[in-house]
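# Coordinate inspection notes
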Amino acid sequence: MIHFWNTSNIQITGNTAVTLGKFDGLHKGHQKLLNDIKKKKECGYQTVVFTFARPPMTLLTGKPQRTLLINEERREFLEAMQIDYLIEYPFNETVSHMSPEYFVEEILVNQLHMKYLAAGKDFGFGYKRSGNTDLLKALAPKYGYEITVMEKETDGKREISSTYIKEELVMGHMKKVEQLLGRPFSIQGKIVHGKALGRRIGIPTINIIPPDEKLLPPRGVYCAKVEIEHRFYNGIANIGVKPTVTDQKNMTVEVHLFDIKEELYGEDAIVFLYEFVRPEQKFESVEALKAQMERDIAAGKRYADKEI
């Protein structure tokens, strides 16, 4: 996959099938759009996902924007889906004031060579989001592209959206999050050295520092599966700050992998969270913590044997 990030210097040759949006989460609704443009590969079209480069901080608070997928995760998911181009276009003063038709002509047609467009029914674009799918349909004959406007995927009576998924995630409803995403919620990162307490008490763990912009579920213990170098391991994960053994405030993802004793420092890992077990808590002693961890491991093994 070819990736353009925060640059307007783009020129694609050959016909393309394009979809546009924020694509935070790449949930079932997004996958519907992606699968639609992939069908156009049979016509010789290259597939393009177009979104805007996200600023690392919000302008109002100066704090990281919390997202379901960080940029690197989104890029890897799209590459796995065999998308040809990911474009994260700069959202600057010039772009924000573009008229909807100029956006279509200058960027989608002239730069991307778009011949097919898949869009959700509520898609808005151009200055103050004044463009909509009705305009895209009206402009199609003039600029020589086809367009398909797709209905939203729904969960009961509610449309599936990143907002809906975030609401469920912050409540720890991991089964619902998995249902809406179409896959388990995941956190990825490099395995780093911790304080080695787990190893000293006979329960070794791997540690990942999640990016600041990654939205996380509530602090606590989760049934988990971890992918490392295309191998999968069942385990039990703790999302939190380890209050029994440290006063740190930084969030970590700590996972005990069942039945593995390999050294994994420096490896890239993806942690999939399946079910909330209990909230994180501070214990009166390391011995009490170990006893609870052993109960958590037993619960995690029962869940893995039954569900994953």
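The structure under discussion appears in the preceding block.
Description of the structure in this document. (Residues numbered from 1 in each chain as written. Predicted model: local features only at pLDDT ≥ 70, side-chain atom pairs only at ≥ 80, totals over all residues. Heavy atoms only, no water.)

### Some words on the layout of surface pockets
As a volume, the largest pocket reaches approximately 1600 Å³. In terms of lining, the largest pocket is formed by 50 residues, of which the most central are Gly-21, Lys-22, Phe-23, Thr-51 and Arg-129. If you list the elements that add at least two residues to the lining of the largest pocket, you get α1 (28-38), β3 (46-52), α2 (71-80), α3 (93-96) and α6 (162-170). Ranked by the residues each element gives to the lining of the largest pocket, the list is headed by α1, at four residues. Its residues assigned to classes, the lining of the largest pocket comprises 20 nonpolar, 16 polar and 14 charged. (1 Å grid on protein atoms, 1.4 Å probe; cavity = no way out; pocket = protein on both sides within 12 Å on 5 of 7 lines; lining within 4 Å. Points joined across faces, edges and corners; volume = space filled by probe spheres on them. Helix = DSSP H or I, 4+ residues; strand = E, 2+ residues; numbered from the N terminus. Nonpolar A, V, L, I, M, F, W, Y, C, P; charged D, E, K, R; others polar.)

### Notes on the packing of α6 against helix α7 (residues 174-181)
Direction vectors running N to C along α6 and α7 enclose 160 degrees, while the axes themselves pass 8 Å from each other. Classified by the angle their axes make, α6 and α7 are roughly antiparallel. In this structure, α6 crosses over α7, and the sense of that crossing is left-handed. Contact residues: α6 offers Tyr-164, Ile-165, Glu-168 and Leu-169, while α7 offers Met-174, Lys-176, Val-177, Leu-180 and Leu-181. Taken together, the residues that form the contact of α6 with α7 break down as seven nonpolar, no polar and two charged. (Axes fitted to C-alpha atoms, helices over the stretch in contact; angles between N-to-C directions. Parallel < 35°, antiparallel > 145°, perpendicular 65-115°, else oblique. Left-handed = near helix turned anticlockwise from the far one by under 90°. Contact = heavy atoms within 4.5 Å.)

### Quick word on the nonpolar core
In terms of nonpolar packing, the biggest core is built from 31 residues, with Phe-185, Ile-228, Leu-257 and Leu-273 touching the most fellow members. Looking at this core, the elements that each hand over two or more residues are α6, α7, β9 (185-192), β10 (206-208), β11 (220-228), β12 (231-240), β13 (252-257) and β14 (268-279). If we ignore the near neighbours within four places in the chain, the residues touching Ile-228 are Ile-191, Ile-206, Tyr-233, Leu-257, Leu-264, Glu-267, Asp-268 and Ala-269. Counting 27 residues, the second largest nonpolar core, distinct from the first, contains Ile-12, Ile-107, Phe-125 and Tyr-143. (Core = buried A, V, L, I, M, F, W, Y, C linked by side-chain atoms within 4.5 Å. Buried < 20%, exposed > 50% of the residue type's maximum accessible area, 1.4 Å probe, protein only.)

### Here we look at the packing of aromatic side chains
Pairs of aromatic rings are described using the distance from one ring centre to the other and the angle between the two planes. Scanning the model with the defined rule gives nine aromatic pairs in all. An angle of 80 degrees between the planes, with centres 5.4 Å apart, marks the rings of Phe-50 and Phe-52 as edge-to-face. By relative accessible area, which is 2% here, Phe-50 ends up buried. Ring centres of Phe-50 and Phe-103 lie 5.8 Å apart, and the angle between their planes is 80 degrees; this geometry places the pair in the edge-to-face category. Separated by 53 residues along the polypeptide, Phe-50 in strand β3 and Phe-103 in helix α4 (residues 100-111) bring together distant segments of the chain. Like Phe-103, Phe-50 is buried. Within the aromatic cluster, the residues linked to one another by ring pairs are Phe-50, Phe-52, Tyr-89, Phe-91, Phe-103, Phe-123 and Phe-125. Over the ring of Tyr-116 we find Lys-40, and its NZ or CZ is 4.6 Å from the ring centre. Here the guanidinium or amino end of Arg-183 rests over the ring plane of Phe-77, the centre of that ring lying 4.2 Å away. (Phe/Tyr/Trp six-rings, centres within 6.5 Å; stacked < 30°, edge-to-face > 60°. Lys NZ or Arg CZ within 6 Å of the ring centre and 35° of its normal.)

### Points about the packing of α4 against helix α5 (residues 133-143)
Two measures define how a pair of helices packs: the angle their axes make with one another and the distance between the axes. At a closest axis distance of 11 Å, the pairing of α4 and α5 adopts a crossing angle of 50 degrees. As far as their axial angle goes, α5 and α4 are oblique. For the element pair α4 and α5, the recorded crossing hand is right-handed. Residues Pro-100, Glu-101, Val-104, Glu-105 and Val-109 of α4 form the contact with α5, whose own contacting residues are Leu-135, Leu-136, Leu-139, Lys-142 and Tyr-143. The class makeup of the residues in the contact of α4 with α5 is seven nonpolar, no polar and three charged.

### Let's talk about helix α9 (residues 286-307)
Here α9 spans 31 Å end to end across 22 residues, near enough to the 32 Å set by a 1.5 Å rise per residue. Taken together, the buried positions of α9 are occupied by Leu-289, Gln-292, Met-293, Asp-296, Ile-297, Gly-300, Tyr-303 and Ala-304. Buried residues of α9, seen end-on, are gathered within an arc of 155 degrees and therefore sit on one face of the element. Seen from the open side of α9, the exposed residues pointing more than 90 degrees away from its buried face are Glu-287, Arg-302, Asp-305 and Lys-306. (Expected span 1.5 Å × (residues − 1). Arc of directions from axis to C-beta.)

### Some thoughts on the pairing of strand β4 (residues 85-89)
In terms of burial, β4 is largely enclosed, as five of its five residues are buried. The alternating pattern of β4 places Tyr-85, Ile-87 and Tyr-89 on one face and Leu-86 and Glu-88 on the opposite face, and all of these are buried. Across four bridges, strand β1 (residues 2-5) lies against β4 in parallel orientation. Across the sheet, Trp-5 pairs through a bridge with Glu-88, a residue of β4. Relative to β4, β3 runs parallel, the two sharing five bridges. Each residue of the ladder has a partner; that of Thr-51, found in β4, is Glu-88. (Pairing = 2+ DSSP bridges.)

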